[in-house]
Amino acid sequence: MTPHLTRIVKRKLLSAAISSFLFAFFFAWYTRHEPFFYHPSAGTVPGAFSRFMSVGFIYLAYSAPVIYVYGTFTSLLSDFIGFCILPYSKLRLVISGIMHGVFGLILCPASLAAAALFFVADITLAARFPGQKK
């Protein structure tokens, strides 16, 4: 593996870590109607926070492996497709974003949010470390 490809894969794995954490806890906050929140202590502040954290970690346990495996692979594939179509253009970022969205729609509608978070995390990391831009 070349050093450039190694840096890209490391960035993709870091993007997967960030997006899986954000997705799990945003999804736990969004789905407050779950049975975990119908508890006598759910209305209190410590009870609500502990319920939120427990649901967040449950979502994290199930979504993180999918985001790591499927998300990293499809993100590498979408970047490769974007580079093959427009090798030296700024529009390949748009192509990569569209491909992230298409791959995010394959599993379920909630995975589109995970794909968007993955794409935003990857673009942010690429901008933060300029030697690894797309």
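Note that the structure is a prediction, hence the values are computed from the model and not measured. Along each chain, the written sequence defines residue order, and numbers are assigned to residues from 1. Two thresholds apply to this predicted model, a pLDDT of at least 70 for residue-level local features and 80 or more for giving and counting side-chain atom pairs, whereas whole-chain, interface and lining totals are computed over all residues. Note: side-chain values were computed over all heavy atoms of the structure, leaving out hydrogens and water.

1. A look at the environment of Leu14
Line of reasoning, step 1. Among the structural elements, Leu14 can be located in helix H1 (residues 3-30).
Line of reasoning, step 2. Three exposure classes are used, based on accessible area relative to the maximum for each residue type with a 1.4 Å probe and protein chains only: buried under 20%, partly exposed in between, and exposed over 50%. Accessibility expressed as a relative area gives 43% for Leu14, which makes it partly exposed. Strands here are runs of E lasting at least two residues and helices are runs of H or I lasting at least four, both read from the DSSP assignment and numbered beginning at the N terminus.

2. Details of the environment of Phe103
Line of reasoning, step 1. Within the fold, Phe103 resides in helix H3 (residues 92-107).
Line of reasoning, step 2. Residue class for Phe103 comes out buried when judged on its relative accessible area of 15%.
Line of reasoning, step 3. Through-space distance from the C-alpha of Phe103 to that of Ala115 is 7.6 Å; in sequence the pair is twelve residues apart.
Line of reasoning, step 4. When sequence neighbours within four positions are dropped, the list of residues in contact with Phe103 reads Tyr70, Thr74, Leu77 and Ser78. By definition, residues are in contact when any of their heavy atoms lie within 4.5 Å.

3. Remarks on the layout of surface pockets
Over the atoms, a rolled probe matching the size of one water molecule traces out where space is still vacant.
Line of reasoning, step 1. Note on definitions: the grid is 1 Å and covers protein atoms alone; a cavity is a set of points where a 1.4 Å probe fits but cannot get out; a pocket is an open set with protein on both sides within 12 Å along at least five of seven lines; lining residues have an atom within 4 Å of a point. Grid points are joined across faces, edges and corners, and a volume is the space filled by probe spheres set on the points. Of the pockets and cavities examined, the second largest pocket occupies roughly 280 Å³.
Line of reasoning, step 2. Taken together, the elements giving at least two residues each to the lining of the second largest pocket come down to H1, helix H2 (45-85), H3 and helix H4 (109-128).
Line of reasoning, step 3. Among the elements that line the lining of the second largest pocket, the one with the most residues is H2, at six residues.
Line of reasoning, step 4. Charged means Asp, Glu, Lys or Arg here, nonpolar means Ala, Val, Leu, Ile, Met, Phe, Trp, Tyr, Cys or Pro, and polar covers whatever is left, Gly included. Of the residues that constitute the lining of the second largest pocket, the class distribution is twelve nonpolar, six polar and no charged.

4. Focus on the nonpolar core
Line of reasoning, step 1. We define a nonpolar core as any set of buried Ala, Val, Leu, Ile, Met, Phe, Trp, Tyr and Cys residues linked to one another through side-chain atoms lying within 4.5 Å. Counting seven residues, the largest nonpolar core consists of Ala24, Phe25, Ala28, Val55, Tyr59, Leu60 and Ala64.
Line of reasoning, step 2. At the level of secondary structure, the elements contributing two or more residues to this core comprise H1 and H2.
Line of reasoning, step 3. When residues of this core are assigned to their parent elements, the largest contribution, four residues, is made by H2.
Line of reasoning, step 4. The next biggest cluster of nonpolar side chains, apart from the first, holds five residues, and it includes Ala16, Phe23, Ala114 and Phe118.

5. As for a nonpolar patch on the surface
Line of reasoning, step 1. Only residues whose relative accessible area exceeds 30% and that form no salt bridge are eligible for patches; like-charged ones are grouped when within 9 Å, while nonpolar side chains (Val, Leu, Ile, Met, Phe, Trp, Tyr) are grouped when within 5 Å. Shrake-Rupley sampling with a 1.4 Å probe provides the accessible areas, and residues are treated as covered by the protein chains on show and by no other component. By convention in these notes, a salt bridge is any Lys or Arg side-chain nitrogen within 4 Å of a carboxyl oxygen on Asp or Glu. Together, Leu14, Ile18, Phe21, Leu22 and Phe26 make up a nonpolar patch on the protein surface, roughly 430 Å² of accessible area in all.
Line of reasoning, step 2. Summarising the element assignment, Phe26 is placed in helix H1.
Line of reasoning, step 3. You can call Phe26 partly exposed: its relative accessible area is 47%.

6. A few points about the packing of aromatic side chains
Line of reasoning, step 1. For Phe, Tyr and Trp, rings pair up if their centres lie within 6.5 Å, where Trp contributes its six-membered ring, and each pair is then called stacked (planes under 30 degrees apart), edge-to-face (over 60) or tilted (otherwise). One pass over the full model with this rule turns up four aromatic pairs.
Line of reasoning, step 2. Ring geometry for Phe23 versus Phe27: centroids 5.3 Å apart, planes at 20°, classification stacked. Remark: Phe27 and Phe23 occur in helix H1; sequence separation between them is four residues, near one turn of the helix.
Line of reasoning, step 3. These aromatic residues form a ring-pair network of at least three members: Phe21, Phe25 and Phe57.

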